[in-house]
Amino acid sequence: MDKNLALEFVRVTEAAAIESAKHIGKGDGKAADGAAVEAMRQRFNAIDFSGTIVIGEGKKDEAPELYVGEKLGNGNGPEMDIAVDPLECTDSVAYGRYNAIAVIATGPKGSLMQAPDTYMEKLAVGPKAKDVIDIDAPIQETIVKVARALGKDVSDVTVSMLDRPRHDELIRTIRSTGARIRLVTDGDIAIAVATCVAESPIDILVGSGGSAESVLASVALKILGGNMLTRFAPRNDADREEMVKLGLQEGKIYGIEDLAKGNELTFTATGVIDGPLLKGVVFNPDHITTHSVVMRSVSGTIRHLETQHRLSSSS
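Residues numbered from 1 in each chain as written. Predicted model: local features only at pLDDT ≥ 70, side-chain atom pairs only at ≥ 80, totals over all residues. Heavy atoms only, no water.

Participant: Residue-level account of the side chain of S20, with values.
Facilitator: Inspection of the secondary structure puts S20 in helix 1 (residues 3–21). Assessed through its relative accessible area of 0%, S20 is described here as buried. Here A16 takes part through its backbone oxygen, which lies 2.9 Å from a polar atom of the side chain of S20. Beyond its immediate sequence surroundings of up to four residues, S20 is in contact with A32, A35, A36, L87, V93 and V272. (Helix = DSSP H or I, 4+ residues; strand = E, 2+ residues; numbered from the N terminus. Buried < 20%, exposed > 50% of the residue type's maximum accessible area, 1.4 Å probe, protein only. Polar contact = N/O pair within 3.5 Å; in protein donor to acceptor, adjacent residues only side chain to side chain. Contact = heavy atoms within 4.5 Å.)

Next comes the structure, spelled out in structure tokens:
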């Protein structure tokens, strides 16, 4: 993939992050998400490529913008799959909480899994522990193996998951090992990717969360050398019917190569509110500062960008 195209996508996430950040703490998640969607869509359609959303805001009749199957770009250039979350952690922005990003993953046509909008069990780790995980193993065993791979004591391992009642028993079990826990209200994309960042406090992501987030995170994890194992946990028969249509199996374990195929992938994210992966948007009198990451699998490059967006004198 053209590196210039990858860098074009960061302008898309920057625009979405800035517009959604204007709604931080104002209590209206829909307005924040809508602002991110509109900004992202406009920027996408100015880029020379032919994209199709395979992971998006929902089906066409459920989301007015950025729906699964929507075409983006000006139609010139390569055909590409797009996985997108214009604003991950909508509630975090609405209520001024920790961790929110605007995020895009792309690849050639057919490279990204088309997953129904349901839940997945997931287990993610960074490069040093990528070969020691088993989604069917007891979490106690996983923690011990990851600690050994990282050269840490179990008590120094930090496990993260979404703060949900469905994880109560899992939390009790992890605590019994002596490992540390970081609960997050929303946003397991950033948490999964943070397992690959040396300066991050997160060593393991575990538990269940959205399937869309699994596909997005898998691209970054693959580029960074980490690992993710997943298994669908459909909520109802409608989810199961959708899985059948897409040729997916309920009990099957899907690895990182199933979620994101090939070596021409990109992952781009811009922080909206400070989190484990990126700092948030900062508004200044004459400029806006954003913090982003751009990853390309073909070259293995990871670019961290701090950008100042100058405001016009009339603003």
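Picking up where we left off.
Participant: Could you give an account of the sheet that holds strand 9 (residues 227–233), with specific residues and numbers?
Facilitator: Strands sit in the order 7-6-8-5-9-10 across an open sheet of six strands; the sheet is mixed. Strands at the two margins of the open sheet, each flanked by one partner only, are strand 7 (180–184) and strand 10 (253–255). Looking at each pair of strands side by side, their axes are set apart by 20 degrees on average, direction ignored. The pairing of strand 6 (residues 158–162) with strand 8 (residues 204–210) spans two bridges and is parallel. Paired with V159 across the two strands is I204, which belongs to strand 8. (Pairing = 2+ DSSP bridges. Axes fitted to C-alpha atoms, helices over the stretch in contact; angles between N-to-C directions.)

Participant: I'd like to hear about helix 2 (residues 29–44), residue by residue, with values.
Facilitator: In this model helix 2 runs 22 Å from its N-terminal to its C-terminal C-alpha over 16 residues, within 8% of the 22 Å that 1.5 Å per residue would give. All of the buried residues along helix 2 are G29, A32, D33, A35, A36, V37, A39, M40 and F44. Between the side-chain oxygen of the N-cap and the backbone nitrogen of K30 there are 3.3 Å, and the N-cap of helix 2 in question is D28. (Expected span 1.5 Å × (residues − 1).)

Participant: Break down the packing of helix 4 (residues 139–150) against helix 5 (residues 168–177) for me, citing the residues and quoting the values.
Facilitator: One way to put it is that helix 4 packs onto helix 5 with a least axis distance of 9 Å and a crossing angle of 45 degrees. As judged from the angle between their axes, helix 4 and helix 5 are oblique. You can see that helix 4 and helix 5 cross each other, and the crossing is right-handed. Contact residues: I139, Q140 and I143 in helix 4; L170, T173, I174 and T177 in helix 5. For the contact of helix 4 with helix 5, the per-class residue count stands at four nonpolar, three polar and no charged. (Parallel < 35°, antiparallel > 145°, perpendicular 65-115°, else oblique. Left-handed = near helix turned anticlockwise from the far one by under 90°. Nonpolar A, V, L, I, M, F, W, Y, C, P; charged D, E, K, R; others polar.)

No statement about biological role is implied by the geometric values presented.
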